[in-house]
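Okay, here's what each chain looks like letter by letter:
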Amino acid sequence: MRTIEESGLSTWLRESESPFGFYFVLLFHTFGLALLVGASAVIDLRLLGIEREIPLAPLKRLFGIMWSGFAINAASGVLLLIAYPTKALTNPVFYTKMTLIGFAVWVMTNLRSRVFNDSTLSEAAMIGRGRTLATWSLVLWVGVITAGRLLAYTYKYLTFPF
Amino acid sequence: MNLAYLHLVLNHFPIIGTVIGLGLFVVSFVGKNDDLKRASLMVLAAAALLALPTFFSGIGAQRAIRGDPAVSAVLIERHEGAAILALFFMEIAGALALVGLWQRHRVSSGKARSWNSMAILLFSVVTAGLMARVGTTGGDIRHPEIRLAQEVTGTRESGLSAIVHVFEPSPGKFADLVLINKWWWAFMMDLHFIGLALLIGTVGILNLRMLGFAKQLPVAPLHRLTPWAMGAFGINALTGILAFIGMPNYYAFDVAFWLKMLALLLLGLNVAAFYLTDAFRSVEHLGPGEDAPPLAKFFAATSLVLWFAVIALGRYIQPFTDTLSVR
């Protein structure tokens, strides 16, 4: 942790006065959140029964947006971790968040492969298969956001304490 | 241009807006004029939107005259308490007005519409009264010529103002309540982020479809996601206002915060222009595969850009704290 923290990139991200430092990475992390969770929420809520007149099959296009959001957040997340490795790695909430992301992405790939990739399915069949996954998707993404927010309030050490 | 100046420029709009909105609303009922009713609802919604920067700039005005021996801190606090109470009623009235505009559009049940009309009438009448109180208590701060002798200390109230004063929160105590512990604060911020995701998801898919993304989707049912976006915006407006009341000095002197408010006002204009020009009618019944005209695409693109600007500016509030000078 100390090695990462003393590296040039980590120090620059933490201490730079430039508006393109830490907060720039953070804003991309929030853009990614909006794309990933926003698009997921629309698919999930539709599968759970809102606005039945929205045809389900074309919503498949939203997976592209969800994966772009995920890619932005994986990249910006790594940079945030490089900036404050001790803050994250000494906090159990961080590992909870990673676990929840793992499950949420697993649910997302399942939604795609089992519900949206089979173009022979009727809408009723898609909903039948997708309902439980959609519920889990909503719960898990809300959990991920909550854990991410808590990271700002629950850390024990901001930087390496010794 | 400073925050005190901004406060003085803005502070008549919510008061006059409420009175005009309420007046038109009543006249529209008496004259059974539906277009007038629509106009009155838009005026109330606009007044509620403008009330936000008016309220937020008050802290700057306070700091600008702080230390002036002719100014009573007690009177400022009384004005701020009155403003907090009026703001909540104004925002509820504005939210109900938006619901009313949506109901007109959706032709929902007559019963729901008349309940909503009753609620709008009630809340805008109360708001107008509270706004009058905000105006007079604010005027008392700087205009001794209209101030009654017993009011100089601000502790003696008579008649109706005494009753209203009981319900006016003390700004300091309200702030303590918002900041009561970090878990409550974390919960509010969590809601703010969940609201953000829901808002961008529901608004974003409509905007993207208008721009030509996933053209197999018909526009009408996507547009019916609007109440979800309104609900998400409501959550974020509430948690945002509470956060401001908790730490006013943290937000009020931050240039990113004010640019975020500017972007929100522009979004208000964007929504109004979308519905009041031909743009909405031109996309309302767009079926699968059909392309939106350029004007609608323009509003969709500006909406997306502005919403992402709101996110970005919100994230820059912390490093830019204290970027604005008081005078």
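Residues numbered from 1 in each chain as written. Chains lettered and ligands numbered in written order. Predicted model: local features only at pLDDT ≥ 70, side-chain atom pairs only at ≥ 80, totals over all residues.

S.K.: Mind showing me how you'd approach the overall build of chain A here?
M.R.: Counting its regular elements, chain A contains 7 helices and 0 strands. Listing every helix and strand of chain A by position from the N terminus yields α-α-α-α-α-α-α. For the C-alpha atoms alone, the extent of chain A along its principal axes is close to 60 × 30 × 20 Å. Taken over 162 residues, chain A has a buried fraction of 36%. Partitioning the contacts of chain A with sequence separation of at least 6, the portion at a separation of at least 24 is 84%. (Helix = DSSP H or I, 4+ residues; strand = E, 2+ residues; numbered from the N terminus. Buried ≥ 20, exposed ≤ 12 C-beta atoms within 10 Å, placed from the backbone. Contact = placed C-beta atoms within 7 Å.)

S.K.: Would you mind showing me how to read the domain arrangement of chain B here?
M.R.: Residues and elements named next belong to chain B. On domain assignment, one finds that chain B holds domain 1 (1–169) and domain 2 (170–327). Each of domain 1 and domain 2 has a C-alpha centre, and the two are 23 Å apart. Across the contact, 21 residues belong to domain 1 and 22 residues belong to domain 2. Of all elements in the fold, only α3 (34–65) and α4 (73–106) reach the threshold of two or more residues within the side of domain 1 that touches domain 2. The biggest single contributor to the side of domain 1 that touches domain 2 is α3, with 10 residues. Looking at the side of domain 1 that touches domain 2 residue by residue, the class counts come to 14 nonpolar, 3 polar and 4 charged. (Domains from an automatic or database assignment. Nonpolar A, V, L, I, M, F, W, Y, C, P; charged D, E, K, R; others polar.)

S.K.: Hey, could you run me through the packing of helix α3 (residues 22–47) of chain A against helix α7 (residues 123–154) of chain A in this one?
M.R.: Packed helices, taken two at a time, are described by the angle between their axes plus the distance between the axes. All names here are of chain A. Packing of α3 against α7 brings their axes to within 8 Å, and their N-to-C directions diverge by 145°. α7 is crossed by α3, and the crossing has left-handed handedness. Where α3 abuts α7, its residues Leu33, Val37, Ser40, Ala41, Asp44 and Leu47 lie against Ile127, Gly130, Arg131, Ala134, Ser137, Leu138, Trp141 and Ile145. Looking at the contact of α3 with α7 residue by residue, the class counts come to 9 nonpolar, 3 polar and 2 charged. (Axes fitted to C-alpha atoms, helices over the stretch in contact; angles between N-to-C directions. Left-handed = near helix turned anticlockwise from the far one by under 90°.)

S.K.: Teacher, can you tell me more about the interface of chain B and chain A here?
M.R.: Where interface size is quoted, it is often the accessible area lost as the parts come together. Each partner contributes residues to the interface: chain B has 28 residues there, and chain A has 24 residues. Elements with a minimum of two residues in the side of chain B that touches chain A: α8 (182–210), α9 (219–223) and α14 (294–315) of chain B. The class makeup of the residues in the side of chain B that touches chain A is 20 nonpolar, 4 polar and 4 charged.

S.K.: Please explain unusual backbone geometry as it appears in this structure.
M.R.: Most peptide bonds take the trans configuration, and most residues that are not glycine carry a negative phi. The backbone phi angle of Glu51(A) is positive, close to 45°, even though this residue is not glycine. By secondary structure assignment, the location of Glu51(A) is in the loop between α3 and α4 (62–83). For Lys32(B), which is not a glycine, the phi torsion comes out positive at approximately 45°. Structurally, Lys32(B) can be placed in the loop between α2 (12–30) and α3. Overall, Lys32(B) belongs to the exposed group, with 8 C-beta atoms counted inside 10 Å.

S.K.: Explain the packing of α8(B) against helix α10 (residues 226–246) of chain B here, please?
M.R.: Residue and element names in this part refer to chain B. Between α8 and α10, the least distance of the axes is 8 Å, while the angle of their chain directions is 150°. Comparing the axis directions of α8 and α10 gives the class roughly antiparallel. The hand of the α8/α10 crossing is left-handed. When α8 is examined against α10, the residues Met188, Leu191, His192, Gly195, Leu196, Leu198, Leu199, Thr202 and Val203 are found in contact with a partner set consisting of Trp228, Ala229, Ala232, Phe233, Ile235, Asn236, Thr239, Gly240, Leu242 and Ala243. Classifying every residue of the contact of α8 with α10 gives 13 nonpolar, 6 polar and no charged. (Parallel < 35°, antiparallel > 145°, perpendicular 65-115°, else oblique.)

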